[in-house]
Amino acid sequence: MSRRGGGRRSDHSREQQPSPATSVAPLGGGRGVGGRGGRGTGDCFPPPSSTHSLTVFQTGPSSSASDSLSIDVEQKLTLEVSATELPPASSKAVRFPPRPGFGTVGNKCVVRANHFLVSLADRDLYHYDVSITPEVTSRKISRAVITQLVISYRQSHLGNRRPVYDGKKSLYTAGSLPFSSKEFVVKLVDKDGEAGQRREREFKVAIKLASRADLHHLQQFLNGKQMDTPQETIQVLDVVLRESPSRKYTVVGRSFFSQTLGQGDESREIGDGLEYWRGFYQSLRPTQMGLSLNIDVSATSFYESVKVSDFATKYLNIRDPKKPLSDTDRIKLKKVLRGLRVEVLHVQHVRRYKVSGVTTQPLSHLTFPLDESGKSISVIQYFFEKYGVRLQYPSLPALQSGSDIKPIYLPMEVCKIVPGQRFCKKLNERQVTALLRATCKRPRERENSIAQMVRENNYNRDEYAVEFGIQVTNTPATIEARVLPPPVLRYHETGREKKVQPDMGQWNMINMKMLNGGTVEYWACVNFSSRLNSNIACQFCQELVRMCSSKGMAFNPNPLLNMFSARPDQIERTLREVLNRSEKALTSKGVKGKQLQLLIIILPDVGGLYGTIKRICETELGLVSQCCQPKHAGKMGKQYLENLSLKINVKVGGRNTVLADAIEKRIPLVTDRPTIIFGADVTHPQPGEDSSPSIAAVVASMDWPEVTKYRGLVSAQGHRVELIEDLYKVVNDSQRGMVHGGMIRELLISFRRSTNQKPHRILFFRDGVSEGQFSQVLLYEMDAIRKACASLEEGYLPPVTFVVVQKRHHTRLFPADHNNRAFTDRSGNILPGTVVDTKICHPTEFDFYLCSHAGIQGTSRPTHYHVLLDENNFSPNALQTLTNNLCYTYARCTRSVSLELDITLRVINPIVDLRLELEVVLERRVVQSRPYLKSKEMLKMLCFTAEICTLYVSVQGFFVLVPLL
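Residues numbered from 1 in each chain as written. Predicted model: local features only at pLDDT ≥ 70, side-chain atom pairs only at ≥ 80, totals over all residues. Heavy atoms only, no water.

With an unreviewed UniProt entry as reference, the protein chain is termed Protein argonaute 1-like isoform X1, source organism Nelumbo nucifera. Its UniProt record, at the heading Sequence similarities (unreviewed entry), says of the protein chain: "Belongs to the argonaute family. Ago subfamily." (UniProt positions renumbered as here; feature names shortened; annotations may be inferred.)

**Quick notes on the pairing of strand β37 (residues 737-741)**
In this structure, strand β36 (residues 729-733) lies alongside β37, joined through five bridges in antiparallel fashion. Directly across from Val-730, in β37, lies its bridge partner His-740. The antiparallel pairing of β36 with β37 creates a hairpin that spans three residues between the two strands. (Pairing = 2+ DSSP bridges. Helix = DSSP H or I, 4+ residues; strand = E, 2+ residues; numbered from the N terminus.)

**Concerning the nonpolar core**
Among the nonpolar cores identified, the biggest contains 61 residues, and Trp-523, Phe-540 and Phe-555 are the most heavily contacted of them. Ranked by residue count, the leading element in this core is helix α11 (residues 534-550), at seven residues. Taken together, domain 3 (517-651) and domain 4 (658-809 + 861-948) each give at least three residues to this core, which thus spans both. Sequence-distant contacts of Phe-555, that is, excluding residues within four places in its chain, are made with Val-520, Trp-523, Val-545, Cys-548, Ser-549, Leu-598 and Ile-648. Counting 44 residues, the second-largest nonpolar core is a separate cluster that includes Val-730, Ala-788, Cys-789 and Tyr-796. (Core = buried A, V, L, I, M, F, W, Y, C linked by side-chain atoms within 4.5 Å. Buried < 20%, exposed > 50% of the residue type's maximum accessible area, 1.4 Å probe, protein only. Domains from an automatic or database assignment. Contact = heavy atoms within 4.5 Å.)

**Observations regarding the sheet that holds strand β4 (residues 125-133)**
The strand order β5-β6-β4-β8-β7 describes an open sheet built from five strands, whose pairing is antiparallel. Two strands in the sheet have a free side with no partner beyond their single neighbour: β5 (164-165) and β7 (181-190). In terms of strand pairing, β4 meets strand β6 (residues 170-174) through five bridges, oriented antiparallel. Opposite Tyr-126, over in β6, you have Thr-173 as the bridge partner. Running over the sheet, helix α2 (residues 139-157) touches β4, β5, β6, β7 and β8 (199-213) and is turned about 120° from β7. (Axes fitted to C-alpha atoms, helices over the stretch in contact; angles between N-to-C directions.)

**Focus: the sheet that holds strand β32 (residues 658-659)**
The three strands are arranged β25-β24-β32 in an open sheet whose pairing can be described as antiparallel. Single-partner strands in this sheet number two, and they are β25 (499-500) and β32. With two bridges connecting them, strand β24 (residues 489-490) and β32 associate as antiparallel partners. Residue Leu-489 lies in a different strand from β32, and its bridge partner there is Leu-659.

**Remarks on the packing of helix α5 (residues 308-315) against helix α6 (residues 327-337)**
Interaxial distance between α5 and α6 falls to 11 Å at its minimum, and their mutual angle equals 120°. Looking at the two axes, α5 sits oblique to α6. The handedness of the crossing between α5 and α6 comes out as right-handed. Judged by residue contacts, Val-308, Phe-311, Ala-312 and Tyr-315 of α5 engage Lys-332, Leu-333, Val-336 and Leu-337 from α6. Of the residues that constitute the contact of α5 with α6, the class distribution is seven nonpolar, no polar and one charged. (Parallel < 35°, antiparallel > 145°, perpendicular 65-115°, else oblique. Left-handed = near helix turned anticlockwise from the far one by under 90°. Nonpolar A, V, L, I, M, F, W, Y, C, P; charged D, E, K, R; others polar.)

**Here's the deal with the pattern of salt bridges**
Inspection of the entire model under this criterion finds 38 salt bridges. Note that Arg-247 is salt-bridged to Glu-243, the shortest N-O span being 3.0 Å. Of this pair, Arg-247 and Glu-243 both sit in helix α4 (residues 231-248), four residues apart, roughly one helical turn. The salt bridge involving Glu-781 is made with Arg-766; its shortest N-O contact spans 2.8 Å. Of this pair, Glu-781 sits in helix α18 (residues 774-792) while Arg-766 sits in strand β38 (residues 761-767); the two residues are 15 residues apart in sequence, bridging distant segments of the chain. The exposure class assigned to Glu-781 is buried, which follows from its relative accessible area of 0%. Classification of Arg-766 as buried rests on a relative accessible area of 0%. (Salt bridge = Lys/Arg side-chain N within 4 Å of Asp/Glu carboxyl O.)

**Here we look at the side chain of His-853**
Note on placement: His-853 falls in the loop between β42 (847-851) and β43 (863-870). Judged by its relative accessible area of 14%, His-853 is buried.

**Brief notes about the state of the cysteines**
For the structure shown, the criterion picks out zero disulfides. Left without a disulfide partner, Cys-541 is nearest to the cysteine sulfur of Cys-525, which lies 3.3 Å away. Given a relative accessible area of 4%, Cys-541 falls into the buried group. Unpaired in this structure, Cys-628 has its nearest cysteine sulfur neighbour in Cys-627, at a distance of 7.2 Å. (Disulfide = S-S within 2.5 Å.)

**A closer look at the pairing of strand β12 (residues 274-287)**
Within β12, 14 of the 14 residues are buried, which leaves it mostly tucked inside the rest of the structure. Both faces of β12 are covered, namely the face carrying Leu-274, Tyr-276, Arg-278, Phe-280, Gln-282, Leu-284 and Pro-286 and the face carrying Glu-275, Trp-277, Gly-279, Tyr-281, Ser-283, Arg-285 and Thr-287. Taken together, the four bridges between strand β10 (residues 255-258) and β12 define a ladder with antiparallel strand orientation. Of the residues in β12, the one forming a bridge with Phe-256 is Phe-280. Summarising the sheet, strand β11 (residues 269-271) and β12 pair through two bridges and their orientation is antiparallel. Residue pairing in the sheet places Glu-269 in a bridge with Glu-275 of β12. Following β11, the chain reverses through two residues before pairing antiparallel with β12; Asp-272 in that reversal takes a positive phi of roughly 60°.

**Focus: the packing of α11 against helix α15 (residues 638-651)**
At a minimum axis distance of 9 Å, the contact between α11 and α15 shows a crossing angle of 65°. By the angle between their axes, α11 is roughly perpendicular relative to α15. As for the relative orientation of α11 and α15, their crossing is right-handed in sense. Facing α11, whose interface residues are Phe-540, Glu-543, Leu-544, Met-547 and Cys-548, α15 presents Lys-638, Tyr-640, Leu-641, Glu-642, Leu-644, Ser-645 and Ile-648. Its residues placed into classes, the contact of α11 with α15 shows eight nonpolar, one polar and three charged.

**Re the packing of aromatic side chains**
As enumerated under the stated definition, the model contains 20 aromatic pairs in all. On the numbers, 4.9 Å between centres and 55° between planes, the contact of Tyr-153 with Phe-184 is tilted. Of this pair, Tyr-153 sits in helix α2 while Phe-184 is found in strand β7, placing the two residues 31 residues apart along the sequence. A single burial state applies to Tyr-153 and to Phe-184, both of which are buried. (Phe/Tyr/Trp six-rings, centres within 6.5 Å; stacked < 30°, edge-to-face > 60°.)

**Topic: the environment of Asn-294**
Residue placement: Asn-294 occurs in strand β13 (residues 290-303). Note on Asn-294: relative accessible area 2%, which makes it buried. The spacing of Asn-294 and Ala-113 is 181 residues in sequence and 8.7 Å in space, taken between C-alpha atoms. Within polar-contact distance, the side chain of Asn-294 engages the backbone oxygen of Asn-114 at 3.1 Å. (Polar contact = N/O pair within 3.5 Å; in protein donor to acceptor, adjacent residues only side chain to side chain.)

**Let's talk about unusual backbone geometry**
Glycine aside, residues mostly have negative phi angles, and peptide bonds mostly take the trans form. For the peptide bond that leads from Thr-133 to Pro-134, omega is -5°, which places it in the cis range. By secondary structure assignment, the location of Pro-134 is in the loop between β4 and α2. At Asn-458, a residue that is not glycine, the phi angle is positive and equals roughly 45°. Tracing the sequence through the fold places Asn-458 in the loop between α9 (443-457) and α10 (463-467). Classification of Asn-458 by relative accessible area gives partly exposed; the value is 35%. One non-glycine residue with positive phi stands out, namely Asn-873, at about 55°. Locating Asn-873 in the fold gives a position in the loop between β43 and α19 (876-886).

**Description of the confidence of the model for the protein chain**
Put simply, the protein chain has an average pLDDT of 83, and 82% of its residues get 70 or more. Counting contacts from residues 1-43, a segment whose pLDDT is below 50, to residues more than four positions away or on other chains yields 135 contacts. In this model, residues 49-63 is a region of pLDDT below 50 whose contacts with residues beyond four sequence positions or in other chains number 57 contacts. (pLDDT = per-residue confidence, 0-100.)

Right under this line is the structure:
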């Protein structure tokens, strides 16, 4: 995510997504970087020994062949299996591969999961459609209407049933209602409506029988005798268990929050007028052990229920609220207050208003017409004469409510924020830190909090659960797990130690040398910190060079330029001066075709400028930079210097380490035949941004059998579109006809050029897909992969394994015995390499949970892997071991990471921070004119060990070169 929100991704219907073969208008003359697309329909893989440009667009199969391929893909994904082999299922459903068995590799252990077994009584469950007139958009009002209906008509017309309501269009009952269709009149008293008007509103509610939920179908599915997921039945039961919490707590997505839930005496403030509320997440899931209720503790940010004047003071960090606001502060305040509900304090009865804006004038200058005669009165005078309130902050603007024609002006000091309003915008760094500090819990504490939530909810005595015959156990599921062995990592032969097997997900390479050390001949350093003087900065650089050299790099000890020291307000000018001076220095040395290879930057003491520095260096000047924190640079600790050397080495084309099994070709279904491993993800704009594009990124391995070098491509696409649109594109060029491109095609060509072989297998890891989008993403993106392959060579369709990777879930695994140090790491979490593929996993499909990393703080979150297509026929042992081993190839540290797609996230996360700059560059189309390829050194930056330094940005189907952070 990535900004990665906490909730599920929204579903998009496939009809609304463009086809992978959609034709678009070409950009300019259709040039890529350094080459044109060719003509003809022959094989498009470049010959192994041929010279080539960076981006080549060539034609492939005709559009009719592509359409036929799309049909073939859908038919293949919709498995047609006889009833004797698999249970019957809908022919329209996309069938995911069945579980091929269970893993056996690793040491067995026992863990607990925050899943609670649910048992069902035999009930007849009925689904009714609900229509409310006039139409209501607010779930809160909809629930109030249905609640009033049940109170008024339960005994007389509803057969004494206790229905549950989903807040939208569906009502469910245990047993049928005495009618199949009926209309009711409901009168609802709006006690605290807009402007405090207490009025009675009348609604017509039509209830009509829609269907019956099939509990037998659900039982058959849980027993593995039915392939179709009975989603409607699960939805009924889920709504039942959510009914009581929805009435008692504030609902946010699938979570419930309250000021009283799990709250002790500690302060809830996180700064700038915000506070956090604790709560819990719950979701009903089908698993191998039966229906399971997944419960987890959670927390999120809310507005503090304080006077708006106090909120403004905190939010804007105002010392003296009696001074007028600047235009910048006023606009900032307007954005954060718009849509907020407030209640006034200067009257006895409750009046609530919705804020539509903030006035441009302060209260002292604000007037409004008092009556139809046109006589005006100031707001300050009106409040004094009408209510006897002497306003203390006349320099602050007023809140505006009502319409533009008849605005209502409210002084901030007489308005209080209505409690229970979630803050949906992005938190600043200080607030995130405060929230994490307050909510981060060790495994033992988190498990106890979850158990407490289950006891407080008391599902077995809930009136709705009793009505529908639902029982929930109070004890978490106990599961047999396995701890996979860590892989052996190979380092350079000249080091004291040539191999290492990590322990507890980490290792130390102090006695080892990098497998392939990079070369840095021309480098310089800039110091933006006032904390470090020039002598200490120079000493730091010397120590860093020594560390890089000791690890096997060829690092020139003498910088190209003398140390630069500059103020933080001169960042851009200084960086441009460094580039200009380096070019002159190289010219004076008679060096041609070279440029500064590395710029070491000591960051300013004040945070927040890292993104600016990276944007200027990597996207404007074409400089490879390594940023260093001044507080760590001054200490010159060996561990810090070693970590920097790892990052520098991969940035200059080196390789830190490699899996020993890869070198020895002992990785099943990877090292026996050329295999390419893809990682893909989409990051979406932060909440509140309604127009910014989403950014898709795809990385792919560029070496075989080592699978440690990756190249990345990035593409901007539609706002919050989850499907990756530019996996395969066909552009209709007026001169060359149909020109084929796209990220998959480009990466396949690059693999061929890098290894002199075309991939015989494809392993595609896809991050960030919710369960509701599995079928949609698989059909669309597999279609694009097939077309990209076929466009390169006729009949080229390598087998694909398509795996969805999920981190945004709420399953947590805990040690069965928190005191047994043999099965816990230093943080009290489960051991790295712990894998679970039983009990809490899918009843029939191929999925597993893997915790590949050691916990640092809080409770580790395992990664969930779900196989949607497996043409390579991976065994559970092979796929689980491969996935775990890949998590040890992350180049930036000597620790295993939580998922191998961290290499993809390294592409995406910087783009989120630079979204605005990226949009401007794309709009002005100046990227192509940047002299990024003026030296061979820049070409080496295209791919390096487990890092992405250079990427392509798609502009209307074409890719242009942009260096990455």
